[in-house]
Amino acid sequence: MDDGILDEAYRRLHRTGPEFEGWLSNHGPMAVEALVQHGHDAEVHRWLDDYLRRLDELPRGLRPIDDWRAALGDPKRAGDWLAHFDRELRERPWRDILGTWWPRLLPGIAAGATHGVIRVGHAVRALRADETSPDRRTELGQALAYWAARWQPVPGAPLLPPAPPAEEGGLTGEGGETGVAAALAGLPRIADRTGGIRERLGRLPDVPEWGSSLAALRPARTPAEAERGLAELVHRASLDYLRYGHAEPVMLVHAVTAPTAVLRTLPELDPGLWAPSLAAAWSATAAVTAVYASPGGVAPPAVAPGTPAEVFARAARHGDEHVVKLADAVLDAHAATGDEQVLAAAGYAAQLI
């Protein structure tokens, strides 16, 4: 892994905006970080040469961020947020900035179709590998700025973390199993499956079962339970992609990559933030599933996964940013669980996208 390649790629990308062609997310920083992470450094600049042609320039600021609460979720302030975090990360350690802003941004986890938190997760992993890199600090700032500018709550999700259950067991139900699988299986679907994610999320409050389904995952009582719950959420969402991915191959990738980003960030956060991080990640995966997955699943396809290295190499050759990022996420799920079936999700995405 050549860390210098990643820094070079970041410098090229940091002249571009977080979105292009209206509301499409700039996946470049996330994809190149995944490519470098898995040893595909030689392919980064060639991939970027093509991708950069699609991107817009970095937006200019209007005025300083004085009242951050009022500026949350205002895409017109994207340039202001970029300047704000660039300044903060020059003045304070990156973990301090992350610790301050994570609980502020977490309730708006749906930002940019969850790309705000996903980009932050990739940036944190990059910084963990090299904390001295100014390009990686810049990337964290641009990721946080994008999340802030597009801040958007999941309808029905609490803006404050839920209180832990009074009874013993936390996430654990009968037989010692977590509640993730049952909660995912019980999610409803919106009837009108037209439009983009903003329109679809707006229909969730009209689904009678939505509120109870969102509350089906019991809150974690401890940081360790929160970490286990997140790992299980990534695992089960990866398996669900094999059943439902055909319905919306691109958008359902985010049901996996959003909780993966949260799980990757946990070690850099105060443990008191782990339980609300699980709650927010669950709300994101639940919402993406409810608005994009088909009412009925299909039998998982027969996809020979191969080794983790082979799975990622095939994704890199495919080249689509969503395929690359899903492969990156399911490799994490495989490393955590040993379940080879999750690796097939990356190959399935490559067939569909």
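Remember, it's a predicted structure, so these values are computed and weren't measured experimentally. (Residues numbered from 1 in each chain as written. Predicted model: local features only at pLDDT ≥ 70, side-chain atom pairs only at ≥ 80, totals over all residues. Heavy atoms only, no water.)

Student: In this structure, what is going on with the overall build of the protein chain? I would like to understand it.
Tutor: Within the protein chain, the regular secondary structure consists of 17 helices and two strands. The C-alpha radius of gyration computed for the protein chain amounts to 19 Å, which stays within 12% of the reference 20 Å derived for 353 residues, consistent with globular compactness. Projected onto its principal axes, the C-alpha coordinates of the protein chain cover approximately 50 × 45 × 40 Å. Across the 353 residues that make up the protein chain, the buried fraction comes to 56%. Of the contacts formed within the protein chain by residues at least 6 apart in sequence, a portion of 77% connects residues at least 24 apart. Accessible surface for the protein chain amounts to roughly 14,200 Å². Of this, 52% is attributable to carbon and sulfur atoms. (Helix = DSSP H or I, 4+ residues; strand = E, 2+ residues; numbered from the N terminus. Rg over C-alpha atoms; globule rule 2.2 N^0.38 Å. Buried < 20%, exposed > 50% of the residue type's maximum accessible area, 1.4 Å probe, protein only. Contact = heavy atoms within 4.5 Å. Areas by Shrake-Rupley, 256 points an atom, 1.4 Å probe, with all protein chains shown as cover.)

Student: Would you take a moment to explain helix H14 (residues 274-292) for this structure?
Tutor: A turn of α-helix holds 3.6 residues, and therefore any two residues three or four places apart point the same way. In a regular helix each residue adds 1.5 Å, so 19 residues correspond to 27 Å; H14 covers 27 Å between its end C-alpha atoms and thus fits that length. The element H14 is largely enclosed, with a buried count of 17 among its 19 residues. (Expected span 1.5 Å × (residues − 1).)

Student: How should I be thinking about the pattern of salt bridges in this particular structure?
Tutor: Charged atoms that come close allow side chains of opposite charge to pair. Scanning all chains against the criterion turns up 20 salt bridges. Here Arg-53 ties to Asp-50 by a salt bridge, and the two come within 3.3 Å at their closest N and O atoms. For Arg-53, a relative accessible area of 65% gives the class exposed. You can call Asp-50 partly exposed: its relative accessible area is 47%. (Salt bridge = Lys/Arg side-chain N within 4 Å of Asp/Glu carboxyl O.)

Student: Whenever I open this one, the environment of Tyr-10 confuses me. Can you help?
Tutor: Within the secondary structure layout, Tyr-10 lies in helix H1 (residues 3-13). Since its relative accessible area comes to 0%, Tyr-10 is described here as buried. For the pair Tyr-10 and Leu-52, spaced 42 residues apart in the sequence, the C-alpha separation amounts to 12 Å. When near neighbours in sequence (up to four residues on either side) are disregarded, Tyr-10 contacts Pro-29, Glu-33, His-122, Ala-123, Ala-126, Asp-135, Arg-136 and Glu-139.

Student: What is the right way to read the nonpolar core from this model?
Tutor: One finds Trp-81, Trp-102, Val-120, Leu-140, Trp-210 and Trp-282 to be the most contacted residues of the largest nonpolar core, which totals 121 residues. By residue number, the principal contributor to this core is H14, which donates 12 residues. With residues near it in sequence (within four places) discarded, Trp-282 still touches Ala-183, Leu-184, Leu-187, Ser-213, Leu-214, Leu-217 and Leu-233. (Core = buried A, V, L, I, M, F, W, Y, C linked by side-chain atoms within 4.5 Å.)

Student: What should I look at first to understand the environment of Asp-192 in this one?
Tutor: Among the secondary structure elements, Asp-192 is positioned in the loop between helix H9 (180-185) and helix H10 (197-202). Take Asp-192: its relative accessible area is 35%, and that puts it in the partly exposed class. Sequence-wise, Asp-192 and Val-291 are 99 residues apart; in three dimensions their C-alpha atoms are separated by 8.7 Å. A distance of 2.6 Å separates a polar atom in the side chain of Asp-192 from a polar atom in the side chain of Thr-194. (Polar contact = N/O pair within 3.5 Å; in protein donor to acceptor, adjacent residues only side chain to side chain.)

Student: Sorry, what's going on with the packing of aromatic side chains here?
Tutor: The geometry of an aromatic ring pair is captured by the separation of the ring centres together with the interplanar angle, meaning the angle of the planes. Evaluation of the coordinates by the stated rule reveals eight aromatic pairs. Judged by centre distance (4.7 Å) and plane angle (15°), the ring pair of Trp-47 and Tyr-51 falls under stacked. Of the two residues, Trp-47 and Tyr-51 are both situated in helix H3 (residues 44-51); the distance of four residues between them amounts to about one turn of the helix. Here Trp-47 matches Tyr-51 in class, with each residue buried. Centroid distance Phe-85 to Trp-101: 5.0 Å. Interplanar angle 70°. Geometry classified as edge-to-face. Highlighted residues: Phe-85 in helix H5 (residues 78-91) and Trp-101 in helix H6 (residues 94-105), separated in sequence by 16 residues. Among the residues examined, Phe-85 registers a relative accessible area of 0% and is labelled buried. Stacked on the ring of Tyr-244, the Lys or Arg Arg-189 has its end atom at 5.0 Å from the ring centre. For Arg-198, the ring lying beneath its charged end belongs to Trp-23, and the centroid distance is 4.1 Å. (Phe/Tyr/Trp six-rings, centres within 6.5 Å; stacked < 30°, edge-to-face > 60°. Lys NZ or Arg CZ within 6 Å of the ring centre and 35° of its normal.)

Student: Teacher, can you tell me more about the environment of Trp-147 here?
Tutor: Positionally, Trp-147 belongs in helix H8 (residues 134-149). For Trp-147, a relative accessible area of 0% corresponds to the buried category. Ignoring anything within four residues of it in the chain, the contact list for Trp-147 reads Trp-102, Leu-105, Leu-106, Gly-108, Ile-109, Ala-111, Gly-116, Val-117 and Val-120.

Student: I tried to follow the side chain of Gln-142 on my own but got confused; where do I start?
Tutor: When you line up the elements, Gln-142 lands in helix H8. Discounting residues that sit within four places of it in the chain, Gln-142 has contacts with His-14, Thr-16, Leu-58, Leu-82 and Arg-119.

Student: How should the side chain of Ser-277 be read in this particular structure?
Tutor: Turning to its location among the elements, Ser-277 is positioned in helix H14. Side-chain polar atoms of Ser-277 contact the backbone oxygen of Leu-273, separated by 2.6 Å.

Remember, this is a structural readout, not a statement about activity or role.
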